[in-house]
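Fold and contact review
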Amino acid sequence: MNLKRNETEFHKYLTKFQSEPELTKILNAVTFTELFNDKFLQENSKWKDMNELVYRGDFGIMTLLEVEHVNQDAWNAYVAKNTECETWHQFGKLAMLHWMREKYKAWKKTKK
């Protein structure tokens, strides 16, 4: 995984989403379920779905909304062990990049 390329692409898409009101609305409504969908998790981690991501770590959380309440060093280590990312933040940005790429492609098709 090329972090610098991903970072550049992330900002490119973020700018596109922020400059188009219709895309901004879609961006503001994105959920964890959409970001960490089964396809993304299977392609970018050792997890098959969000349930595995949440429960396999034994952090005592029920949803990703609770991640902020766990030991962040331990959570980052869990993410690093199961992905090519070093931190939860990196993994989240990767999920967002994949999501924006797909949504933008679908949105462009509707504009033709």
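Higher on the page you've got the structure.
Residues numbered from 1 in each chain as written. Predicted model: local features only at pLDDT ≥ 70, side-chain atom pairs only at ≥ 80, totals over all residues. Heavy atoms only, no water.

Thoughts on the packing of helix H1 (residues 3-19) against helix H2 (residues 21-28)
So the rule is basically this: Interaxial angles span 0 to 180 degrees and are taken between N-to-C directions of axes, which are lines fitted to C-alpha atoms, for helices over the stretch in contact. The secondary structure listing takes helices from DSSP runs of H or I that are at least 4 residues long and strands from runs of E that are at least 2 residues long, numbered from the N terminus. The scheme is simple: roughly parallel for angles under 35 degrees, roughly antiparallel for over 145, roughly perpendicular for 65 to 115, oblique for anything else. Here, residues are in contact when the closest pair of their heavy atoms is within 4.5 Å. Each residue is assigned to one of three groups, with Ala, Val, Leu, Ile, Met, Phe, Trp, Tyr, Cys and Pro labelled nonpolar, Asp, Glu, Lys and Arg labelled charged, and all others, Gly among them, labelled polar.
Across the interface, H1 lies against H2 with an axial gap of 5 Å and an inter-helix angle of 110 degrees. Considering the angle they form, H1 stands roughly perpendicular to H2. On the side of H1, the interface is formed by Leu14, Lys16, Phe17, Gln18 and Ser19, while H2 contributes Pro21, Leu23, Thr24 and Leu27. Here the residues of the contact of H1 with H2 are counted per class, giving five nonpolar, three polar and one charged.

Observations concerning H1
Threshold: In this analysis, the expected span of each helix is defined as 1.5 Å times one less than the number of residues it contains. Throughout, exposure labels follow a simple rule: accessible area from a 1.4 Å probe, protein chains only, divided by the maximum for the residue type, with under 20% read as buried, over 50% as exposed, and the rest as partly exposed. Here the arc refers to the set of directions running from the helix axis out to each C-beta atom. Under this definition, polar contacts are N or O atom pairs within 3.5 Å; protein pairs additionally need one hydrogen-donor-capable and one acceptor-capable atom, and for neighbouring residues in sequence, both atoms have to be side-chain atoms.
The first and last C-alpha atoms of H1 sit 24 Å apart over 17 residues, in line with the 24 Å expected at 1.5 Å per residue. For H1, the full list of buried residues reads Asn6, Glu9, Phe10, Tyr13, Leu14 and Phe17. The buried residues of H1 occupy one face: seen down the axis, they fall within an arc of 140 degrees. In H1, the exposed positions angled more than 90 degrees off the buried face are occupied by Lys4, Arg5, Thr8, Gln18 and Ser19. In this structure, the buried side of H1 is in contact with H2 and helix H7 (88-110). The opening residue of H1 is Asn2, an N-cap whose side-chain oxygen sits 3.2 Å from the backbone nitrogen of Lys4.

Let's talk about the packing of aromatic side chains
What counts is decided by this rule: The criterion for an aromatic pair is that two Phe, Tyr or Trp rings (for Trp, the six-membered ring) have centres within 6.5 Å, with stacked assigned to planes under 30 degrees apart, edge-to-face to planes over 60 apart and tilted to the rest. Placement of a charge over a ring requires the Lys NZ or Arg CZ to be within 6 Å of the ring centre, with the centre-to-atom vector within 35 degrees of the ring normal.
Overall, the coordinates contain 16 aromatic pairs when judged by the stated rule. Between Trp47 and Phe91 the ring centres are 5.9 Å apart and the planes differ by 65 degrees, which places this aromatic pair in the edge-to-face class. A residue pair is termed long-range when its members are at least 10 positions apart, and Trp47 in the loop between helix H4 (38-44) and helix H5 (50-55) and Phe91 in helix H7 qualify at 44 residues. Owing to a relative accessible area of 1%, Trp47 belongs among the buried residues under this scheme. Geometrically, the ring pair formed by Trp75 and Trp88 is edge-to-face, given 5.5 Å between the ring centres and 80 degrees between the ring planes. One end of the pair, Trp75, is in helix H6 (residues 72-82); the other, Trp88, is in helix H7, and 13 residues separate them in sequence. An aromatic cluster of at least three residues, connected via ring pairs, comprises Phe32, Phe36, Phe40, Trp47, Phe59, Trp75, Tyr78, Trp88 and Phe91. It is Lys16 that lies over the ring of Tyr13; its NZ or CZ is 5.3 Å from the centre.

Remember, this is a structural readout, not a statement about activity or role.
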